[in-house]
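In case you want the letters, here they are:
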Amino acid sequence: QKEVEQNSGPLSVPEGAIASLNCTYSDRVSQSFFWYRQYSGKSPELIMSIYSNGDKEDGRFTAQLNKASQYVSLLIRDSQPSDSATYLCAVKAPGGYQKVTFGTGTKLQVIP
Amino acid sequence: GAGVSQSPSNKVTEKGKDVELRCDPISGHTALYWYRQRLGQGLEFLIYFQGNSAPDKSGLPSDRFSAERTGESVSTLTIQRTQQEDSAVYLCASSLEAQGGTQYFGPGTRLLVL
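Rules of the game
- Numbers given for residues are sequential positions, taken from 1 along each chain in its written order.
- In the order they appear in the text, chains get letters beginning with A and ligands get numbers beginning with 1.
- Thresholds applied to this predicted model are a pLDDT of at least 70 for local features of residues and 80 or more for the giving and counting of side-chain atom pairs; totals over whole chains, interfaces and linings are not thresholded and use all residues.
- Computation of side-chain values covers all heavy atoms of the structure but excludes hydrogens and water.
- Criterion used throughout: strands pair if DSSP finds at least two bridges between them.
- Starting at the N terminus, helices and strands are each numbered in turn, a helix being any DSSP run of H or I of at least four residues and a strand any DSSP run of E of at least two.
- Whether a residue is buried, partly exposed or exposed follows from its accessible area with a 1.4 Å probe, protein chains only, as a fraction of its type maximum: under 20%, in between, or over 50%, in that order.

A. Main features of the sheet that holds strand β3 (residues 19–25) of chain A. Residues and elements named next belong to chain A. Across the sheet, which stays open at both edges, the five strands sit in the order β1-β3-β8-β7-β6 with antiparallel pairing between neighbours. The open sheet terminates on both sides in strands that have one partner only, identified here as β1 (4–5) and β6 (54–58). Looking at chain direction, strand β7 (residues 61–66) and strand β8 (residues 71–76) are connected through six bridges and run antiparallel. Opposite L65, over in β8, you have V72 as the bridge partner.

Shown next, in the form of structure tokens:
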């Protein structure tokens, strides 16, 4: 079982719709969760981090965390063609020596 | 510096040659990661440095790959006797535990082995 799992996609949504990206993780003690966006040919950049159960909103983006189900998701409201990218989920256990583990990413295509 | 920097930005080498890639992390960041990303693929973890602790080398694909970091500063990734399958983008990222482990990525080094 992979430590962090994501559907590779592509996930295609029409412009203006809500895009829902999902991620599951295997380490129950994971404490920090991140969503990164990677445009083709570019480096990943952080969109959001979440540490507590529930929702965290930032503009059009909402991260949702459910530690009991070991599940984290990213919702993108009013999707724009510029949101087309690969979205990487990353997870970290507590403690200074624990490294971050990335999923393989979900490719999102927003159709104009 | 303002961000993570990597050099060179592009490297073309011949099969069998050794290459050295450099990463300058954000000042004060104790953690440093190296990843490999082949075209159209996800991030492949290579090695992780955290402060003065022994590095996590579990991702290095073969003994041709090695990396060093002096203290909490520059890191170099060395690939010996390069093979065509080593062609990829090599990404470096640094982070600070106090910031929750958020990683900041450099622009990457694009390696092409002919």
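There is more to say, and it comes next.
B. Region of the structure containing unusual backbone geometry. Across the junction of G9 of chain A and P10 of chain A, the peptide omega takes the value 10°, indicating a cis bond. Here the residue pair S7 of chain B and P8 of chain B is connected by a cis peptide bond, since its omega of -10° sits within 30 degrees of zero. With respect to the secondary-structure elements, P8 of chain B resides in the loop between β1 (5–7) and β2 (10–13). The phi angle at D78 of chain A is positive, at roughly 50°, despite the residue not being glycine. Mapped onto the elements, D78 of chain A comes out in the loop between β8 and β9 (85–92). Classification of D78 of chain A by relative accessible area gives partly exposed; the value is 40%. One non-glycine residue, R81 of chain B, adopts positive backbone phi at about 50°. Assignment of secondary structure puts R81 of chain B in the loop between β7 (75–79) and β8 (88–95).

Purely geometric stuff here, so don't read any function into it on its own.
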